[in-house]
Amino acid sequence: MKLKFYPNLNIEKFTRLITKSCGNVLLRLSDNSTCDLKTDQERGSLIRKEMEQGRGIEILLTDVDDCARFTKLMIGAYV
């Protein structure tokens, strides 16, 4: 499943959600390559760098069970 987050994303909550995810969370970088945020220890700075470009970020989820949690974060319901 592909989701797009815009610059108002709470990166702290987002990174906590990544560590709790069941599958991989792939970040599509500006050069169209992908990076697995679940295994990348520098995920916070990588997300910030991509967000600074003002286009938001696009992620790909490999486990369908993660979709609801990430969608809740998108609409501001994740605590």
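Residues numbered from 1 in each chain as written. Predicted model: local features only at pLDDT ≥ 70, side-chain atom pairs only at ≥ 80, totals over all residues. Heavy atoms only, no water.

1. Considerations on the nonpolar core
Right, on to step 1. Counting 21 residues, the largest nonpolar core has Phe5, Phe14, Leu37, Ile47, Ile57, Ile59 and Phe70 as the members making the most contacts within it.
Right, on to step 2. When residues of this core are traced back to their parent elements, those giving at least two are β1 (2-5), α1 (11-20), β2 (25-28), α2 (43-51), β4 (57-61) and α3 (67-75).
Right, on to step 3. Here the element with the most residues in this core is α1; it accounts for 4 residues.
Right, on to step 4. With residues up to four places along the chain from it excluded, the contact list for Phe14 reads Phe5, Leu9, Leu37, Ile47, Ile57, Ile59, Phe70 and Leu73. (Core = buried A, V, L, I, M, F, W, Y, C linked by side-chain atoms within 4.5 Å. Buried < 20%, exposed > 50% of the residue type's maximum accessible area, 1.4 Å probe, protein only. Helix = DSSP H or I, 4+ residues; strand = E, 2+ residues; numbered from the N terminus. Contact = heavy atoms within 4.5 Å.)

2. Describing the packing of α1 against α2
Right, on to step 1. One can describe the packing of α1 onto α2 by two numbers: an axis separation of 10 Å at closest approach and a directional angle of 130°. Relative to α2, the element α1 is oriented oblique. Two packed elements cross with a definite hand, and for α1 against α2 that hand is right-handed. For the pair α1 and α2, the contacting residues are Ile11, Phe14, Thr15, Ile18 and Thr19 in the first and Arg43, Gly44, Ile47 and Arg48 in the second.
Right, on to step 2. Looking at side-chain class alone, the contact of α1 with α2 contains 4 nonpolar, 3 polar and 2 charged residues. (Axes fitted to C-alpha atoms, helices over the stretch in contact; angles between N-to-C directions. Parallel < 35°, antiparallel > 145°, perpendicular 65-115°, else oblique. Left-handed = near helix turned anticlockwise from the far one by under 90°. Nonpolar A, V, L, I, M, F, W, Y, C, P; charged D, E, K, R; others polar.)

3. Considerations on the packing of aromatic side chains
Right, on to step 1. This model, assessed by the stated rule, comprises 2 aromatic pairs.
Right, on to step 2. Ring geometry for Phe14 versus Phe70: centroids 5.8 Å apart, planes at 80°, classification edge-to-face. In this pair, Phe14 sits in helix α1 while Phe70 sits in helix α3, placing the two residues 56 residues apart along the sequence. Across this residue pair, the class does not change: Phe14 and Phe70 are buried.
Right, on to step 3. The rings of Phe5, Phe14 and Phe70 are connected pair by pair, giving a single aromatic cluster. (Phe/Tyr/Trp six-rings, centres within 6.5 Å; stacked < 30°, edge-to-face > 60°.)

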